[in-house]
Amino acid sequence: MATIHASAAIDALLNKATERPLQTGLLTVSLTLLGYLSLRTLYRNHRNMDDEALLKRRHPLPPGPPQDFLIGSLRHFPNDHIWAKFTEWQKQYGDIVHVALPGTSLVIIGSYELSQELLSRRTNVTGGRAVGYMITDVMGLYWSLAFMQPGVHHSNQRRMLRKAIGPARVSSHDSRIEQIANEMMLQLVEFKGYLPRVVTKVMGNLITSLSYGEVVRKEMGDELAKHNQEIMHFAEYALFNVWIVDFLHSLRFIPSWLPGANFKRIGARTRWLSDYIRFKPFKMIQDLYNSGKLGHSIATDLLEEFGPNEDTQDALAVLATAIADKVFKEIQQVTHGHRTLDIKDRPQLPYTEAVWKESLRWNPFIPLGVPHVSSQDEVVNG
């Protein structure tokens, strides 16, 4: 009797599948894909664990937070305020902390001396970037110097930027920097409202003017500043979060409307911003350069020396209290309250210079802590 009931149930399911072939096909494909991806992830994690076990037999890995089966220390890894958790781990485990995550092994360096030893003196091994698939492929930021792996394009961009904004040339833009800074100071005298928005807009226009020239700034300066700010927000958000697509690349094919596919929507928006920032202003400066109307800018210097190639395009896109009282008094002593500051005043403003440098260190306006990746095992302090 049980066999008859089971057979009837199977017949009913087959009849429903025949009535709804599309839904059944999608369900079958989804279950097959999910099973394949799960097995692939388990295999990769098992292989990584074997690699780590082999390394332990050679040299011990640094201490770190507890590990669970398959997922490593993922349960202990912070979703936000990462630096706070890293500082806590440094106090608990020491200056070198090992964190095992699904598909990767993370080493956190907690001292200046060790970072110099590993990241400055061993750059041939540790110069790579541990940037995930989400940032490079889904978001399309593979061209950015901050996320690019060492190679020909990376070397070309670094050389171009050293030429363009190095000590020998950057002073040629002093007058433009002073002009825009003074204009902003006059705007702020009677300003009321949200100050960071004004400063961000002015800085965006300044960078556009220096990079692409005044014609481009007047034509699309505000738009470029807004898009640059948005893309940096997405890049920072992506850099300090864990994305499943970093481990299961096949997920890039799922529809963006599915639950949990927010990474697809972020990727689509960032790709559009990326293409706009890379191509639109570069096309405009090429036309202006060919017509002799570009004027003095970093773009002019790079086009004259390196030509209108992809590396030139991407190098330009990369550009795309009590303390306050002490700063004020130091500025007053230099200007006597009768003029605005000039760049040549910097040597006479040591305290002011220290304050703005510390401000950038404490709260950088772009992601500076991009992880490096090692191309081989390294032993330090052992």
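Asks: Explain the pairing of strand S2 (residues 104-109) to me, please; I cannot follow it from the model alone.
Replies: Consecutive side chains of a regular strand alternate in pointing toward one face of the sheet and then the other. With six bridges joining them, strand S1 (residues 96-101) and S2 adopt antiparallel strand pairing. The residue bridging Val99 from the neighbouring strand is Leu106, located in S2. Between the antiparallel neighbours S1 and S2 lie two residues, among them Gly103 with a positive phi of about 85°.

Asks: What is the right way to look at the packing of aromatic side chains in this model?
Replies: Working definition: an aromatic ring pair is given by the centre-to-centre distance plus the angle between the planes. As enumerated under the stated definition, the model contains five aromatic pairs in all. Ring geometry for Tyr237 versus Trp243: centroids 5.7 Å apart, planes at 75°, classification edge-to-face. Among the aromatic residues, ring-to-ring pairing joins Phe77, Phe86 and Trp89 into one connected group.

Asks: I would appreciate a short explanation of the environment of Met185 in the present structure.
Replies: Along the polypeptide, Met185 turns up in helix H9 (residues 174-188). Met185 gets classed as partly exposed once you look at its relative accessible area, which sits at 44%. Remark: the alpha-carbon pair of Met185 and Val199, spanning 14 residues in sequence, is separated by 10.0 Å.

Asks: Explanation requested: the nonpolar core in the structure shown.
Replies: Note on soluble globular proteins: their nonpolar side chains tend to be buried together. Judged by nonpolar contacts, the single largest core of 54 residues is most densely connected at Met134 and Ile285. Within the residue set of this core, elements represented by two or more residues are helix H6 (133-138), helix H7 (152-165), H9, helix H10 (195-212), helix H11 (214-239), helix H12 (262-291), helix H13 (298-306) and helix H14 (310-318). For this core, the leading source of residues is H12, giving nine residues. If you look at the next biggest cluster of nonpolar residues, it comprises seven residues, including Phe77, Ile82, Val97 and Val99.

Asks: How should I be thinking about unusual backbone geometry in this particular structure?
Replies: Even without being a glycine, Leu70 presents a positive backbone phi close to 75°. Locating Leu70 in the fold gives a position in the loop between helix H2 (21-58) and helix H3 (82-93).

Asks: How should H12 be read in this particular structure?
Replies: Note that an α-helix has 3.6 residues per turn; residues three or four places apart therefore point the same way. In this model, H12 (30 residues) spans 44 Å end to end at C-alpha, consistent with the 44 Å of a helix rising 1.5 Å per residue. At Tyr276, H12 shows its strongest bend, of approximately 25°. Downstream of H12 by one or two residues, Gly292 has phi in the positive range, about 80°.

Asks: Can you walk me through the pattern of salt bridges in this structure?
Replies: Two side chains with opposite charge may pair up if their charged atoms get near one another. Evaluated as defined, the whole model comprises 13 salt bridges. Between Glu230 and Arg269 there is a salt bridge; the shortest N-O distance is 2.9 Å. Of this pair, Glu230 sits in helix H11 while Arg269 sits in helix H12, placing them 39 residues apart in sequence. We classify Glu230 as partly exposed; its relative accessible area is 23%. Under the relative-accessibility criterion, Arg269 is labelled partly exposed at 32%. Of the charged contacts, one joins Asp314 and Arg278 as a salt bridge, the two residues approaching to 2.8 Å between their closest N and O atoms. Note that Asp314 is positioned in helix H14 and Arg278 in helix H12, a separation of 36 residues in sequence. When salt bridges with common partners are traced through the structure, they connect Glu117, Arg121 and Arg122 into a single cluster.

Asks: What exactly am I supposed to notice about the packing of H12 against H14 here?
Replies: Describing two packed helices takes the angle between their axes plus the distance from one axis to the other. Following both chains from N to C, one finds H12 and H14 inclined at 110°, their axes separated by 9 Å at the closest point. Judged on the interaxial angle alone, H14 and H12 are roughly perpendicular. As for the relative orientation of H12 and H14, their crossing is right-handed in sense. Contact residues: H12 offers Ile277, Arg278, Phe279, Phe282 and Ile285, while H14 offers Glu310, Thr312, Gln313, Asp314, Leu316 and Ala317. When its residues are assigned to classes, the contact of H12 with H14 shows six nonpolar, two polar and three charged.

Thresholds applied
Residues numbered from 1 in each chain as written. Predicted model: local features only at pLDDT ≥ 70, side-chain atom pairs only at ≥ 80, totals over all residues. Heavy atoms only, no water. Pairing = 2+ DSSP bridges. Helix = DSSP H or I, 4+ residues; strand = E, 2+ residues; numbered from the N terminus. Phe/Tyr/Trp six-rings, centres within 6.5 Å; stacked < 30°, edge-to-face > 60°. Buried < 20%, exposed > 50% of the residue type's maximum accessible area, 1.4 Å probe, protein only. Core = buried A, V, L, I, M, F, W, Y, C linked by side-chain atoms within 4.5 Å. Expected span 1.5 Å × (residues − 1). Bend = angle between axes of the 7 residues up to and from the residue. Salt bridge = Lys/Arg side-chain N within 4 Å of Asp/Glu carboxyl O. Axes fitted to C-alpha atoms, helices over the stretch in contact; angles between N-to-C directions. Parallel < 35°, antiparallel > 145°, perpendicular 65-115°, else oblique. Left-handed = near helix turned anticlockwise from the far one by under 90°. Contact = heavy atoms within 4.5 Å. Nonpolar A, V, L, I, M, F, W, Y, C, P; charged D, E, K, R; others polar.

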